[in-house]
Amino acid sequence: MTAIRRFLAAHPDSILIDITGTQGSTPREVGAFMLVSQTALWGTIGGGQFEFMAIGNARDMLAGTGGMAEMDIPLGPDIGQCCGGRTQLRFRRVTQAVAEEIEARLAGETERLPEVYLFGAGHVGRALAAALAPLPLSITVVETRQEEITSLPPETKTRLVPMPEALVKDVAAGGALVILTHDHALDFLIAREALERTDLAYIGMIGSATKRATFVSWLSREGGGERGWTERLTLPIGGSAVRDKRPEVIAAMTAAEILTALAVYRMRSSSQ
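Residues numbered from 1 in each chain as written. Predicted model: local features only at pLDDT ≥ 70, side-chain atom pairs only at ≥ 80, totals over all residues. Heavy atoms only, no water.

### Looking at the confidence of the model for the protein
Here is step 1 of the chain: On average, residues of the protein score 88 in pLDDT, and 93% of them are at 70 or above.
Here is step 2 of the chain: When the elements of the protein are averaged for pLDDT, helix α7 (residues 209–222) gives the smallest value, 77, and strand β9 (residues 176–179) the largest, 97. (pLDDT = per-residue confidence, 0-100. Helix = DSSP H or I, 4+ residues; strand = E, 2+ residues; numbered from the N terminus.)

### Describing helix α1 (residues 3–10)
Counting along an α-helix, one turn takes 3.6 residues, and residues three or four places apart therefore face a common direction.
Here is step 1 of the chain: Inspection of α1 places I4, F7 and L8 among the buried residues, and these make up the whole buried set. Buried residues along α1 cover an arc of 95° about the axis, so they all sit on one side. Exposed positions of α1 whose direction lies more than 90 degrees from the buried face are A9 and A10.
Here is step 2 of the chain: Here the buried face of α1 lies against β2 (33–36), β3 (41–43) and α3 (96–111). (Buried < 20%, exposed > 50% of the residue type's maximum accessible area, 1.4 Å probe, protein only. Arc of directions from axis to C-beta. Contact = heavy atoms within 4.5 Å.)

### Comments concerning the nonpolar core
Here is step 1 of the chain: Ranked by internal contacts, the top residues of the largest apolar core, which has 25 residues, are V116, L118, L132, V178 and I258.
Here is step 2 of the chain: Counting residues per element, this core draws most heavily on helix α8 (residues 247–271), at six residues.
Here is step 3 of the chain: With near-sequence residues (within four places) excluded, I258 lies in contact with V116, L132, A176, V178 and Y202.
Here is step 4 of the chain: Of all hydrophobic cores here, the second largest spans 24 residues; its members include V168, F188, L195 and W229. (Core = buried A, V, L, I, M, F, W, Y, C linked by side-chain atoms within 4.5 Å.)

### A word on the packing of α1 against α3
Here is step 1 of the chain: One way to put it is that α1 packs onto α3 with a least axis distance of 11 Å and a crossing angle of 165°. When the axis of α1 is compared with that of α3, the two are roughly antiparallel. In this structure, the crossing between α1 and α3 has a hand that is right-handed. Packed against α1, whose contacting residues are I4, R5 and L8, the element α3 presents A99, I102, E103 and L106 at the interface.
Here is step 2 of the chain: Classifying every residue of the contact of α1 with α3 by side-chain character gives five nonpolar, no polar and two charged. (Axes fitted to C-alpha atoms, helices over the stretch in contact; angles between N-to-C directions. Parallel < 35°, antiparallel > 145°, perpendicular 65-115°, else oblique. Left-handed = near helix turned anticlockwise from the far one by under 90°. Nonpolar A, V, L, I, M, F, W, Y, C, P; charged D, E, K, R; others polar.)

Here you go:
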């Protein structure tokens, strides 16, 4: 059961708040939404006094003590915020039809999420899967070992295969690929397949400066230097600004790298 279904099952009497319009600087975009019951919330439309007012209006509707079907809120000094723009909101009681609309909307958003493939579910792979799980990304973990898959976050998509390098072709254009296996030879096989592609936003590999030097030497023998392979490979992942080798720290730094690379790729693609 998805998070949205769990919320609606526990709180069937709820209000859907949609952002239907924005002008100027606003905390969220058109299409953002949240659910409000008398005792719980799901999602956010931006927080602050603006959201507090919207929640109050929704709960007035639920209680039958008032509430408006639409609100137009200026995000300025009048409500103690400094965004400076305006946001229009729509409020609807959740019916079966509205619930189906929400699920269809979320399913459509999921289909458009950037893909991130993690090759390997060892200690760093699991930490990275956990760090990426709450983000607007579609995460798939590829492993050759069944026992490593059992510790992954719930709802993580997994693929158990004997030849993970064969799945590199399945990553959608504009996606990210991170190599974290238990075998350096397998790392190199996956990386070679990935670097043959020029339509991925991010290709990363766990390792060290020594591993990078070894891999760069191997790449030169494979002719990768002429094709710019070295420049397109992030090795080691996580950068060097924070010198902490704990899996959770590496995962946090790598998650930031991936998000940045995906944003840069989208901007480049939209300008072409």
